[in-house]
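# Structural overview
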Amino acid sequence: MQAIVPAAGRGTRLRPLTDDRPKGLVEVAGKPILTHCFESLLAAGIDEIVVVVGYRGEDIVDYYGDDFRGVPLTYAWQEEQLGLGHAVSAAGAYVSDDVVVWNGDNVGDVNLSGMVEHHRRTDAETTLLMDEVSRDRAAEGAVFVLDDGEPVGLVEKPDEPPSTLIPRGVYVFSERIFDALTGVEPSARGEYELTDAIDGLFDEEARVEVVDLEGWLLNVNTAVDVTEGTRRIGASE
């Protein structure tokens, strides 16, 4: 199976660490964030990775080259950073079947193999990783809309979160996600949200599966997150 790793962002909240390097090359526990991403993908049997690059993308290409431990790397360029949906779309030309998307600023220990197996077993169009958080945290990003306790949609950064259940930054998609992304309009912040494409699949009654997060996943956005990621990785070794 292929994987897409979006890694084009500037990482402004990680400055000054990202003044002279892309966010994906910032080290957590002695390794670049992207190395942690790639290791997690290889452990789940991924056999090709498409890395979406933009800000200081040449540094990533120079650092990793054409493969990671024998697994081919392909680079898709996102010249303008217009959201996660836009980044996934940039990789679409290189994808030929079901695909994992692992956000390139996420490190953690999740059961990706089990997630992929669930996706295949249920013949899903989309499989999402769900976690429960505080209401304040739920207002900061995508959050599930529920009906009788079951996820029926997603909304991005609502003023009043409809639940405290959120999707984490690892997904499994069929190629249908790329069709869904073509219908997405820019959000109020001028970005093409992956959330909107997934919500459209919910509206179309596509088979969207949700699995609970087992383990942990951390979005590395700040220096505090670097410290926390280093602590968690050290504790799990």
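Residues numbered from 1 in each chain as written. Predicted model: local features only at pLDDT ≥ 70, side-chain atom pairs only at ≥ 80, totals over all residues. Heavy atoms only, no water.

### Regarding the side chain of Ser174
Inspection of the secondary structure puts Ser174 in the loop between β12 (165-173) and α6 (176-182). Aside from chain neighbours lying at most four places away, what touches Ser174 is Asp98, His119, Ala124 and Glu125. (Helix = DSSP H or I, 4+ residues; strand = E, 2+ residues; numbered from the N terminus. Contact = heavy atoms within 4.5 Å.)

### Side note on the pairing of β12
The element β12 is largely enclosed, with a buried count of nine among its nine residues. For strand β7 (residues 99-102) and β12, the ladder comprises four bridges, and the chain directions are antiparallel. Paired with Val101 across the strands is Tyr171, a residue of β12. Sheet analysis places strand β9 (residues 126-132) next to β12, joined by six bridges and oriented antiparallel. Bridged to Glu132 within β12 is Leu165. (Buried < 20%, exposed > 50% of the residue type's maximum accessible area, 1.4 Å probe, protein only. Pairing = 2+ DSSP bridges.)

### A closer look at the nonpolar core
Counting residues in hydrophobic clusters, the biggest one holds 41 residues, and the most contacted among them are Phe38 and Val100. In terms of residues, this core owes the most to one element, helix α1 (residues 33-43), which gives five residues. Setting aside chain neighbours within four positions, we find Phe38 in contact with Val5, Ile49, Val51, Tyr64, Phe68 and Leu73. (Core = buried A, V, L, I, M, F, W, Y, C linked by side-chain atoms within 4.5 Å.)

### What to know about the pairing of strand β10 (residues 142-147)
Bridge count for β10 against strand β11 (residues 150-156) is six bridges, and the pairing is antiparallel. Bridging from a neighbouring strand, Val143 pairs with Val155 of β11. What sits between the antiparallel neighbours β10 and β11 is a turn of two residues, in which Asp148 has the positive phi angle 55 degrees.

### A word on the sheet that holds strand β13 (residues 208-212)
Pairing is mixed across the open sheet formed by eight strands, whose spatial order is β5-β6-β4-β1-β7-β12-β9-β13. Looking along the sheet, the strands with just one partner apiece sit at the ends: β5 (67-68) and β13. Bridge count for β9 against β13 is five bridges, and the pairing is parallel. Residue pairing in the sheet places Thr126 in a bridge with Val208 of β13. Across the sheet, helix α4 (residues 112-121) lies against β7, β9, β12 and β13, angled at about 70 degrees from β12, the strand it touches most. (Axes fitted to C-alpha atoms, helices over the stretch in contact; angles between N-to-C directions.)

### Notes on the environment of Asp20
Position of Asp20 relative to the elements: it lies in the loop between β1 (2-7) and β2 (27-28). Relative accessible area serves as the criterion here: at 46%, Asp20 is assigned to the partly exposed category. Sequence spacing of Asp20 and Arg56 is 36 residues, and the spatial spacing of their C-alpha atoms is 8.3 Å. Not counting the four nearest positions on each side in its chain, Asp20 is found in contact with Arg56 and Asp59. There is a polar contact of 3.3 Å between the side chain of Asp20 and the side chain of Arg21. (Polar contact = N/O pair within 3.5 Å; in protein donor to acceptor, adjacent residues only side chain to side chain.)

### What to know about the packing of aromatic side chains
In total, this model carries five aromatic pairs according to the counting rule given. Judged by centre distance (5.0 Å) and plane angle (70 degrees), the ring pair of Phe38 and Tyr64 falls under edge-to-face. Highlighted residues: Phe38 in helix α1 and Tyr64 in helix α2 (residues 57-64), separated in sequence by 26 residues. Under the relative-accessibility criterion, Phe38 is labelled buried at 0%. Judged by its relative accessible area of 9%, Tyr64 falls in the buried class. (Phe/Tyr/Trp six-rings, centres within 6.5 Å; stacked < 30°, edge-to-face > 60°.)

### Topic: the pattern of salt bridges
On inspection of all chains with the given rule, the structure shows 16 salt bridges. One salt bridge in this structure joins Arg189 and Glu156, with 3.4 Å as the shortest N-O distance. Of this pair, Arg189 sits in the loop between α6 and α7 (194-203) while Glu156 sits in strand β11, placing them 33 residues apart in sequence. (Salt bridge = Lys/Arg side-chain N within 4 Å of Asp/Glu carboxyl O.)

### Digging into the environment of Tyr192
Following the sequence through the fold, Tyr192 ends up in the loop between α6 and α7. Residue classification places Tyr192 among the partly exposed residues on the basis of a relative accessible area of 27%. For Tyr192, the contacting residues outside a window of four places in its chain are Leu82, Gly83, Leu84, Gly85, His86, Val184, Glu185 and Pro186.

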